[in-house]
Amino acid sequence: MKKNDLRIYDHPILGKLPEKKRVSIYFNGRKLIAYEGEMIAAALYANGIRALRKTEKFKQTRGIFCAIGRCTDCVMTVGGIPNIRTCVTPVRNGMKVESQKGRGRWKKKNW
Amino acid sequence: MEQIPDKTEIIVIGAGLMGCSIAYQLSREKKEVLVFEKRNIASGASGRNGGQVIQLEGRDKNPETIKKRLEVVKENNKILKHLEKELNFQLEYQRIGSLDIALNEEEWKDIKETVKIQKQAGDEEIELLSKKEVLKMCPTLTEKVFGARYRKSDGTINPFFLTHGFAFNAMKNRARIFTHSPVKRIVNEHGMVKGVELETGKMIRSEVVINATNAWSHFLCPEIDILPLRQVAVVTEPVADLPVYPMEAFIDGDAIFTTTQTKSGNLVAGGFKTQARKRNLHYDESVEPIEIAGSSAIFKRVFKGLKDICIIRSWSGTMAVTGDCLACIGKYPETENLYIAAGFSNGMAYGPVVGKLIAELVVYGKTSIPVDIFSPHRFYKKQIDWPEFYNYTVLAEFFARV
Ligand SMILES: Cc1cc2nc3c(=O)[nH]c(=O)nc-3n(C[C@H](O)[C@H](O)[C@H](O)COP(=O)(O)OP(=O)(O)OC[C@H]3O[C@@H](n4cnc5c(N)ncnc54)[C@H](O)[C@@H]3O)c2cc1C
Ligand code: FES
């Protein structure tokens, strides 16, 4: 496993992070490494990305807040579908993740 | 709190859409109007509905009633067109049309027949859309759709703003609205209305009394059996703009509705799996888990890719139905100066015009458009054998039988 990121590879209580299959995801077109089973938001955090979206009215930056799928602060456009709570959505190989402005936009045919 | 006077010219009971619209029109006639509301403005069905303005809701196949309903609802639409300006109040009115979609062969046959009859009866706007046409207009719909009825001057409105817009302007014209002031009974002597008595015991004398309590009207006017009918609705998270329209449809026999997006992007839907209950339990405003699940399932059944949309709130409200599904609007039989405007299950298509009609009746003794099909005489002192446990679906079967 690659070690120059923010993942905890050796946890004092939970022990060592088990080896997992590597996948790639695309954040705003940029290729990133993630591990199978990780949530999108976690993979982004590990790669140093904390700003996930902008609010509709005041265009303020938002990132992970609750991390358990309740607050919707982490929503992004995933595979062309807006409003996906990335803290509870696992990564898939080749997934396209885009930061969302306000309510975002539907890419045609994703309804 | 403001002192309640001992006497007035006109008392309106209920501050829902009907009560506020009536109070507004009468206040314009410079009448002294008091409104008594049990809870708060728009706390009844008027603050709990989908905001759809559908002119011929349901699938009316009686040419006579269609014609007469159209006269009234067309007038309503005319008023709505300029109402934001008239009230100087943002109403979020969108005249974008409405759909009644068929999700199976049988429904499609029924819609085609309804459209044919309604067109012949004089609804020149109504259109039939083939599967291809409706999917082009509303590509979000499920591929399982067979076709739809479309009416272009239908639409959607924010029901809170509509009710409050009337209330605000009525008060500007010096009408007074007393909230949290339930009326216990309407007082009459020798066939003449004298006023009302509040729950507190206070008597207020009045020349005219108007009962606009819809689902609660029979508590005050028991001679007309108007049935309360509970309906459940849910609202989704705000989502990016979608091509969606106010819609009616039947799923597994239940009459469901979905709306276009609110200004902030949410969708409202309801009507699927609303539980059958006894009459007195139709005033219960809690929601059962199966009803939330049912309303959420609408998105999966009606749309292509909205199955993952999140529901953020649910609620229920109580509207009303009469023995022939048409409201009671007009003079109350056998009691002078008592009026009723109740029995509405699609009030958005009637609210603004009902205020005007009742005001005309009160002030001039007659209406500018015929309202005989809404005459309260139809059901005066008539016992209706309602089913003991009912919801919308059970009632639809009941109406089909009688
Ligand atoms: C979930 C749901 C969805 C709906 N969707 C639509 C839709 O999309 N389009 C549409 O056209 N219609 C819809 N309707 C129906 C619509 O809401 C009603 O037809 C309309 O609001 C009726 O208005 P109203 O003023 O007659 O009744 P209400 O708004 O119910 O007003 C009656 C008022 O009288 C008050 N009251 C009762 N008893 C007393 C008393 N003794 N003293 C003083 N006050 C009293 C109540 O508190 C209440 O505020 C829906 C209804 C529900 C419940
Ligand atoms: S951070 Fe709260 S829902 Fe994802």
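Residues numbered from 1 in each chain as written. Chains lettered and ligands numbered in written order. Predicted model: local features only at pLDDT ≥ 70, side-chain atom pairs only at ≥ 80, totals over all residues. Heavy atoms only, no water.

(A) Geometry of the pattern of salt bridges. All told, the structure shown has 37 salt bridges over all chains when counted by the stated rule. Through salt bridges with shared partners, a single ionic network connects B:Lys74, B:Asp123, B:Glu125, B:Arg149, B:Arg151, B:Asp154 and B:Glu248. (Salt bridge = Lys/Arg side-chain N within 4 Å of Asp/Glu carboxyl O.)

(B) Representation of the state of the cysteines. Residue and element names in this part refer to chain B. Counted by the stated rule, this structure contains 0 disulfides over all chains. Not engaged in a disulfide, the cysteine Cys 20 finds its nearest cysteine sulfur in Cys 221; these two sulfurs lie 18 Å apart. For Cys 20, a relative accessible area of 0% translates into the label buried. (Disulfide = S-S within 2.5 Å. Buried < 20%, exposed > 50% of the residue type's maximum accessible area, 1.4 Å probe, protein only.)

(C) Local environment of the environment of B:Met348. Residues and elements named next belong to chain B. Topologically, Met 348 is positioned in the loop between strand S19 (338–342) and helix H8 (351–364). Of the residues examined, Met 348 reaches a relative accessible area of 6% and is grouped as buried. Distance from Met 348 to Asn 49, taken between C-alpha atoms, is 9.0 Å for residues 299 residues apart in sequence. (Helix = DSSP H or I, 4+ residues; strand = E, 2+ residues; numbered from the N terminus.)

(D) Quick peek at the site of ligand 1. Residue and element names in this part refer to chain B. Inspection of the region around ligand 1 gives 33 residues, with Glu 37, Ser 46, Gln 52, Val 183 and Met 348 positioned closest. Measuring from an oxygen atom of ligand 1, one finds a backbone N or O atom of Asn 346 at 3.4 Å. In the complex, 97% of the free accessible area of ligand 1, which totals 1,000 Å², lies under the protein chains. When contributions to the shell around ligand 1 are tallied by element, the ones reaching two or more residues are helix H1 (17–28) and strand S17 (311–321). Across the shell around ligand 1, the residue classes break down as 14 nonpolar, 16 polar and 3 charged. (Near = heavy atom within 4 Å. Polar contact = N/O pair within 3.5 Å; in protein donor to acceptor, adjacent residues only side chain to side chain. Areas by Shrake-Rupley, 256 points an atom, 1.4 Å probe, with all protein chains shown as cover. Nonpolar A, V, L, I, M, F, W, Y, C, P; charged D, E, K, R; others polar.)

(E) Spotlight on the side chain of B:Ser27. You can see B:Ser27 is positioned in helix H1. On the basis of relative accessible area, B:Ser27 is assigned to the buried category, the value being 2%.

(F) Seen up close, the packing of helix H2 (residues 63–87) of chain B against helix H5 (residues 159–172) of chain B. All names here are of chain B. The N-to-C vectors of H2 and H5 enclose an angle of 45°; their axes lie 11 Å apart at closest approach. By the angle between their directions, the pair H2 and H5 is classed as oblique. Handedness of the crossing formed by H2 with H5: left-handed. For the pair H2 and H5, the contacting residues are Leu 80, Leu 83 and Leu 87 in the first and Leu 162, Gly 165, Phe 166 and Asn 169 in the second. Of the residues belonging to the contact of H2 with H5, the class tally is 5 nonpolar, 2 polar and no charged. (Axes fitted to C-alpha atoms, helices over the stretch in contact; angles between N-to-C directions. Parallel < 35°, antiparallel > 145°, perpendicular 65-115°, else oblique. Left-handed = near helix turned anticlockwise from the far one by under 90°. Contact = heavy atoms within 4.5 Å.)

(G) Examining the domain arrangement of chain B more closely. All names here are of chain B. Each domain of chain B was delimited in the assignment, giving domain 1 (7–47 + 160–226 + 324–388) and domain 2 (94–155 + 228–321). Its C-alpha centre places domain 1 at a distance of 29 Å from the equivalent point of domain 2. Taken together, the contact pairs 14 residues of domain 1 with 10 residues of domain 2. Carbon and sulfur atoms supply 53% of the area that domain 1 and domain 2 bury against each other, a total of about 1,200 Å² over both sides. Counting the surface domain 1 buries against domain 2, the share from its top three residues, Ala 215, Ser 345 and Glu 388, is 34%. At the boundary of domain 1 with domain 2, the tally comes to 3 salt bridges. For Arg 39, the salt bridge goes to Glu 285, with nearest N and O atoms at 2.9 Å. (Domains from an automatic or database assignment. Buried area = accessible area lost by both parts, 1.4 Å probe.)

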